[in-house]
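Given next are the chains, with one letter for each unit.
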Amino acid sequence: MTLANRQLRLQSRPKGLLAPGDLQLNESPVPELGDGQALARVKYLSIDPTMRVWMVADTYLPAVPLGEVMRALGFAEIIESRHPDYKKGDRVTGLLQDYVIVDASAKHFLQKVPKIPFVSDTVFLGVLGINGLTAFFGMEIATPKKGETLVVSAAAGATGSIVGQIGKIHGCRVVGIAGTDDKCSWITKDLGFDAAINYKHADWKQKLAAATPNGIDIDFENVGGEIMQEVLNRMNLHGRVILCGLISGYTKEDPSMASLGTILLKRLRVQGFIILDYASRFMEAATQLGQWKMFGKLKDRETIVEGLEKAPDAINMLFTGGNTGKLIVKV
Ligand SMILES: NC(=O)c1ccc[n+]([C@@H]2O[C@H](COP(=O)([O-])OP(=O)(O)OC[C@H]3O[C@@H](n4cnc5c(N)ncnc54)[C@H](OP(=O)(O)O)[C@@H]3O)[C@@H](O)[C@H]2O)c1
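What counts and how
Residues numbered from 1 in each chain as written. Predicted model: local features only at pLDDT ≥ 70, side-chain atom pairs only at ≥ 80, totals over all residues. Heavy atoms only, no water. Axes fitted to C-alpha atoms, helices over the stretch in contact; angles between N-to-C directions. Helix = DSSP H or I, 4+ residues; strand = E, 2+ residues; numbered from the N terminus. Left-handed = near helix turned anticlockwise from the far one by under 90°. Contact = heavy atoms within 4.5 Å. Nonpolar A, V, L, I, M, F, W, Y, C, P; charged D, E, K, R; others polar. Buried < 20%, exposed > 50% of the residue type's maximum accessible area, 1.4 Å probe, protein only. Pairing = 2+ DSSP bridges. Parallel < 35°, antiparallel > 145°, perpendicular 65-115°, else oblique. Patch = residues over 30% accessible without salt bridge, like charges linked within 9 Å, V, L, I, M, F, W, Y side chains within 5 Å. Areas by Shrake-Rupley, 256 points an atom, 1.4 Å probe, with all protein chains shown as cover. Salt bridge = Lys/Arg side-chain N within 4 Å of Asp/Glu carboxyl O. Near = heavy atom within 4 Å. Polar contact = N/O pair within 3.5 Å; in protein donor to acceptor, adjacent residues only side chain to side chain. Phe/Tyr/Trp six-rings, centres within 6.5 Å; stacked < 30°, edge-to-face > 60°. Lys NZ or Arg CZ within 6 Å of the ring centre and 35° of its normal.

Visitor: How should I be thinking about the packing of helix H5 (residues 204–211) against helix H6 (residues 225–233) in this particular structure?
Guide: Packed helix pairs are specified by the crossing angle of their axes together with the interaxial distance, meaning the distance between the axes. Axis separation between H5 and H6 bottoms out at 11 Å; the angle between their running directions is 35°. Between H5 and H6 the crossing geometry is right-handed. Counted together, Trp204, Lys205 and Leu208 of H5 and Glu226, Ile227, Glu230 and Val231 of H6 form the full contact between these two elements. The class makeup of the residues in the contact of H5 with H6 is four nonpolar, no polar and three charged.

Put into structure tokens, the structure is as follows:
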């Protein structure tokens, strides 16, 4: 029986939030397996803000060409194999969508993942995947010290929620900035952040000042714009700004938002980073993250949307704040 492969293809480059038709669902037959190939069936897709960037611009990866299958990180199981390195039942993460032929080319960046009792498959897309790794290495760049104040934006998201907990493990005072009272309550009550600021409240700047009486030593920046400016205003001498993401600019035409004057006057070291630079150390980081999770030092939450056809709406949720923790599409 021929299997049908459902794939979302990029039909037009979005302006602002994704509009209907920017991504179109197509079906095509799954090709027959040849020698040296395996067939992977994707179960979950990781929904990441960078997908919106890949739709429009060449950055650390080239923009997805129009008409091509949209690039996404995913979790898959090998369902058939004529490949020496993969057997039926192996579980992999990488750049995937629906059914994928795995062969000798490195185009999918595949990584085998173990089956661990009581650990869900989706963890390999969140805490032990792109977000945990990004939080881990970003916090390594931040060189946190006991008693320092760390502020993280998009704090109830997949990356920010882990950043704050790693800050607590290092003994920092951790303040998170998020867009709803529920998210603020989750990160303080369940995750142990010292304070949370809802940036949609009119007095959020005063609240940020009250929550950071000794100034700010580390800005783990996920958002940019007005939030970043306000955090920068409160930075201490020789603070560190970890420029992880600028999500408030991804759906706008003008992404220029850094206040270079403040960075200069306060002698701040600002370091941008892309998680792919750390690929050779992923196993080391995943081992540490896994231990922290096992001993209850890291908690996570997931927002799961059902159905590949809902992926375009799911991408928009990242920009409207519809997710708490890791956003995943169950294919
Ligand atoms: N450098 C790297 O290698 C790397 C790797 C992974 C991720 N990142 C970056 O890390 C950041 C977070 O990514 P994630 O995957 O963990 O996503 P996420 O935080 O799970 O989801 C995005 C969240 O951002 C918040 N947000 C969206 N638009 C905003 C705005 N205009 N102002 C303030 N907050 C806004 C929303 O929460 P609220 O309800 O709180 O607004 C939303 O839930 C992104 O900037 C991403 O590009 C960088």
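Visitor: Hey, could you run me through the environment of Ala72 in this one?
Guide: Within the element layout of this structure, Ala72 appears in the loop between helix H1 (50–54) and strand E4 (73–81). For Ala72, a relative accessible area of 3% translates into the label buried. The sequence separation of Ala72 and Asp48 amounts to 24 residues, and the corresponding C-alpha distance is 8.1 Å. Not counting chain neighbours up to four residues away, the residues in contact with Ala72 comprise Leu45, Met51, Trp54, Gly94, Leu95 and Leu96.

Visitor: In this structure, what is going on with the sheet that holds strand E11 (residues 216–221)? I would like to understand it.
Guide: What holds strands together in a sheet is hydrogen bonding between their backbones, with the strands either parallel or antiparallel. Strand order in the open sheet formed by six strands is E10-E9-E8-E11-E12-E13, with parallel pairing between adjacent strands. This sheet does not close on itself; its edge strands, each paired only once, are strand E10 (195–198) and strand E13 (269–272). Each adjacent strand pair in this sheet contributes to an overall mean axis angle of 15°, direction not counted. Those strands touched by helix H2 (residues 130–142) are strand E8 (149–153), E11, strand E12 (235–243) and E13, and its axis lies near 150° from that of E11. Against the sheet, H5 contacts E8, strand E9 (173–178) and E10, and its axis sits at roughly 170° relative to E10.

Visitor: Teacher, can you tell me more about the packing of H2 against helix H3 (residues 158–169) here?
Guide: At a minimum axis separation of 8 Å, H2 and H3 run at an interaxial angle of 45°. Here H2 is positioned oblique relative to H3, judged by the angle of their axes. At the point where H2 passes H3, the crossing takes the right-handed sense. Residues Asn131, Gly132, Thr134, Ala135, Phe136 and Met139 of H2 touch H3, and the partners they reach there are Ala158, Thr159, Ile162, Val163, Ile166 and Gly167. Grouping the constituent residues of the contact of H2 with H3 by class yields seven nonpolar, five polar and no charged.

Visitor: Is there a simple way to explain a nonpolar patch on the surface in this structure?
Guide: A cluster of nonpolar side chains, namely Tyr60, Ile274 and Leu276, defines an oily patch on the protein surface of about 240 Å² accessible area. Of note, Leu276 is situated in the loop between E13 and helix H8 (282–294).

Visitor: When you look at the site of the ligand in this model, what are you seeing that I'm missing?
Guide: Surrounding the ligand, one finds 29 residues, the nearest of these being Thr159, Lys183, Tyr199, Phe273 and Asn323. The separation between a nitrogen atom of the ligand and a polar main-chain atom of Cys244 is 3.0 Å. For the ligand, an oxygen atom lies 2.7 Å from a polar atom in the backbone of Ile275. Look at the ligand: alone it shows 920 Å² of surface, and the protein chains cover 91% of it.

Visitor: What is the right way to look at the pattern of salt bridges in this model?
Guide: Where charged atoms from two side chains of opposite charge come close, those side chains can pair. All chains considered together, the criterion is met by 15 salt bridges. Residues Asp48 and Lys326 are paired through a salt bridge, measuring 2.9 Å at the closest nitrogen-oxygen approach. Taken together, the residues Asp48 in the loop between strand E3 (38–46) and H1 and Lys326 in strand E15 (residues 326–330) connect sequence positions 278 residues apart. By relative accessible area, Asp48 is classed as buried at 7%. Here Glu140 and Arg281 are joined by a salt bridge, their closest N and O atoms 2.9 Å apart. Taken together, the positions of Glu140 in helix H2 and Arg281 in the loop between E13 and H8 put the pair 141 residues apart, joining distant regions of the chain. The network of salt bridges with shared partners includes Lys43, Glu77, Arg91 and Asp121.

Visitor: Could you clarify how one ought to interpret the packing of aromatic side chains in this entry?
Guide: Centre distance and the angle of the planes are the two values used to describe a pair of aromatic rings. Taken as a whole and judged by the stated rule, the model has seven aromatic pairs. Between Phe136 and Trp292, the aromatic rings sit 6.2 Å apart at their centres with planes inclined by 45°, giving tilted as the arrangement. One end of the pair, Phe136, is in helix H2; the other, Trp292, is in helix H8, with 156 residues separating them in the sequence. Exposure remark for Phe136: the relative accessible area of 12% places this residue in the buried category. With centroids separated by 6.4 Å and ring planes inclined at 65°, the aromatic side chains of Tyr250 and Phe319 adopt a geometry described as edge-to-face. Pair noted here: Tyr250 is in the loop between E12 and helix H7 (260–265) and Phe319 is in helix H9 (residues 311–320), with a separation of 69 residues, a long-range link. By relative accessible area, Tyr250 is classed as partly exposed at 24%. Accessibility expressed as a relative area gives 18% for Phe319, which makes it buried. Ring pairs connect the aromatic residues Phe136, Phe137, Phe273, Tyr278 and Trp292, which therefore count as one cluster. Seen from the ring of Tyr99, Arg41 lies directly overhead, with NZ or CZ sitting 4.6 Å from the centre. Positioned above the aromatic ring of Trp54, the side-chain terminus of Arg71 is 5.0 Å from the ring centre.

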